[in-house]
Amino acid sequence: MPTFYLDDQPIEFEQGETVLKAVLRFGVQIPHYCYHPGLAITAQCRQCLVEVTDMGNGRGMPKLQTACSTPASEGMKLSATSEKALWGQELVNEFLLINHPLDCPICDQAGECDLQDFAFAYGTGKSEMAFEKRVYGWRDVGTFIALERNRCIQCSRCERFSRDIVGSHDFGAFLRSHELTFDTWEDSPITHKFQGNLADICPVGCITNRDWRFKKRAWKFRKVESVCPSCSTGCNITLEHHQNRVFRIRPRENQEVNRWWMCDEGRVGFKPLNDRHTRLGEPQVRVKGRFQTAQWGAVMEAIAMRLKEIGAREKQVIALTDTHATNEEMFMLRRLLADGFGSQGVFFPLIVGKQQEKPTHPLEDDFIFTLITTDKSPNTEGAKRGDLIGDRDDKRLKAALKESPKVVIVLGAPFQQNSEIRAAVAKAELIVYIGAFANAWSEAADVVLPGYTYAEKYGTWINKAGRLQRIQPALNPPEQARDQVWILSALLGAPENGESFADGRAVLEAMAAQGGDFAGIGGEQIGHLGLQLKKAAKERKK
């Protein structure tokens, strides 16, 4: 690869790359605000000034250059730490702070603010500004974001995202000179479904997420990599939590799935994780029409006795699962029915996901509209690959229910809105519900077994493109709740009669040993960006 030299350090670059992009990829920091790898380059902030002593042809450049817009060339020599470069960076930093308020103690961006970091590292600590700072008010500009224009440094990231990525043209530049400001057109609210990305890319506290405004300091968060469960796209996310509560979800860069972005529906979808009202905390058994709490050992013994009394086999036993269940849970559910009852009747609601319709106005990048699908579950592809039974009109499930099954096991919240299916299931002699939250199935069940949410367990999902991705625990579950794979293993009698699985990692090893799509796959192979499986379910059926 061609090479240029930054402060005598060789840096390889790809043809067409700018100096800043190559330097950041190499792991070296040059201060910058307006540059973002997903946005067009404007060299707006001027903070990334470097001194070019040799353009690669033996000649230097008389003026400082912005690294974000300077193309890298073979043999180029430049410096970001020379006296001239540091002088330019200090001047720009002082200029950007002229009108910036000193409200770091009350700013939600404090602790993750680029302006704080670069002012500390590259600032002079003094100002020659002798006039009063300009003052604007703050206001809500969208569903859950707030605009504080006093803090704006005119990096134009918001305007470029709205124009080039979403195509909505919500933000624009107004006025000139020291009165220049970025704002929504005619104070109109933002209505598109990607507003939270504006708060993510704002390098200062100008645009912030109102949902956690003044609630928690950024440096208190613990961050865990996970996957968004709100649709079949499977955007990579970071769960940010403190004191066992999730305060924020942010997108995690994965160029194969969601790049740097995510939709607002997934961003605010963490709130049920903090719900204590509908959360199931203890095993419950229906006795004479009323639920009574019980210990796990007693509940499992009662289920075993009841199953022995009923003596159900094959078609007399079915299971229903939603597609929020992990691949490991689906694997254990199939094993429970096959090994325990000789049944293959594991059904799931098949939803054919469609992408959100693209707007009529032209876009430079329409990728972002592929992030939203009508399938609001993360693992429909996993259910297909797991050979579970699902069709558009639920014909096979309805046919199975006509056989009057005696035992029904429900995992999650499948078919919850279908009153016909719920009425047919209610006729069974034993209904066992496994899930984290109370719902229509938990109310109709004979036994309720509390499980984990996706933020409390290990597991994998397969997104709409056939990419295997993993989730991992961030929160501590209720004391009496258990991992779904442990529950299914216990129902099978695994502690006495076979393999016992404590969590999804152990099940994944068993799946890998069995072969199929998961042959030879372990946690290390999946990695934090996921693993593209070889064949999609549709291709395999052809």
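The preceding data block contains the structure.
For clarity, every value in this text was computed on a predicted model and none was experimentally measured.

1. Structural notes on the overall build of the protein chain
Each helix and strand counted, the protein chain has 17 helices and 23 strands in total. Buried residues in the protein chain amount to 53% of all 542 residues. Working note: accessible area of the protein chain is about 25800 Å², and carbon and sulfur atoms make up 50% of it. When the 69 basic and 69 acidic side-chain charges of the protein chain are each reduced to a single mean position, those positions are 4 Å apart.

2. Regarding empty space enclosed by the protein
Taken as a whole and judged by the stated rule, the model has five cavities of 30 Å³ or more. By volume, the largest cavity is sized at about 130 Å³. In this structure, the largest cavity is lined by 13 residues; those nearest its centre are Gln-109, Ala-199, Asn-209, Trp-212 and Arg-248. Among the secondary structure elements, those contributing two or more residues to the lining of the largest cavity are α5 (196-201), β10 (207-209) and β13 (245-251). Looking at side-chain class alone, the lining of the largest cavity contains three nonpolar, four polar and six charged residues. Considering only enclosed or pocket space, the second largest cavity measures out at about 100 Å³ in volume. Along its surface, the second largest cavity is lined by 14 residues, and Cys-152, Cys-155, Cys-158, Cys-202 and Pro-203 are the ones closest to its centre. The set of elements that each furnish at least two residues to the lining of the second largest cavity consists of α4 (157-166) and α5. Partitioned by chemical class, the residues of the lining of the second largest cavity number eleven nonpolar, two polar and one charged.

3. Remarks on the sheet that holds strand β6 (residues 138-140)
One open sheet holds the three strands; their spatial order is β6-β7-β10, and the pairing between them is antiparallel. Unpaired on one side and paired on the other, β6 and β10 mark the two borders of the sheet. Ignoring which end each strand starts from, the neighbouring axes of this sheet average 25° apart. Relative to β10, strand β7 (residues 145-148) runs antiparallel, the two being bridged by three bridges. What sits directly across from Leu-147, in β10, is Ile-207.

4. As for the layout of surface pockets
Approximately 870 Å³ is the volume found for the largest pocket. As for the largest pocket, its lining consists of 26 residues, and the residues nearest its centre are His-36, Pro-37, Arg-157, Glu-253 and Trp-260. No other element matches the three residues that helix α1 (residues 19-26) contributes to the lining of the largest pocket. Looking at the lining of the largest pocket residue by residue, the class counts come to ten nonpolar, five polar and eleven charged. Estimated volume of the second largest pocket: approximately 640 Å³. Taken together, 29 residues line the second largest pocket, and the ones lying closest to its centre are Asp-322, His-324, Phe-437, Thr-453 and Tyr-454. At the level of secondary structure, the elements contributing two or more residues to the lining of the second largest pocket comprise α6 (264-267) and β19 (430-435).

Reading guide: rules and limits
- Residues numbered from 1 in each chain as written.
- Predicted model: local features only at pLDDT ≥ 70, side-chain atom pairs only at ≥ 80, totals over all residues.
- Heavy atoms only, no water.
- Helix = DSSP H or I, 4+ residues; strand = E, 2+ residues; numbered from the N terminus.
- Buried < 20%, exposed > 50% of the residue type's maximum accessible area, 1.4 Å probe, protein only.
- Areas by Shrake-Rupley, 256 points an atom, 1.4 Å probe, with all protein chains shown as cover.
- Lys, Arg positive; Asp, Glu negative; His and termini not counted.
- Charge placed at Lys NZ, Arg CZ, Asp CG, Glu CD.
- 1 Å grid on protein atoms, 1.4 Å probe; cavity = no way out; pocket = protein on both sides within 12 Å on 5 of 7 lines; lining within 4 Å.
- Points joined across faces, edges and corners; volume = space filled by probe spheres on them.
- Nonpolar A, V, L, I, M, F, W, Y, C, P; charged D, E, K, R; others polar.
- Pairing = 2+ DSSP bridges.
- Axes fitted to C-alpha atoms, helices over the stretch in contact; angles between N-to-C directions.

Function cannot be read off these values alone, since they describe shape.
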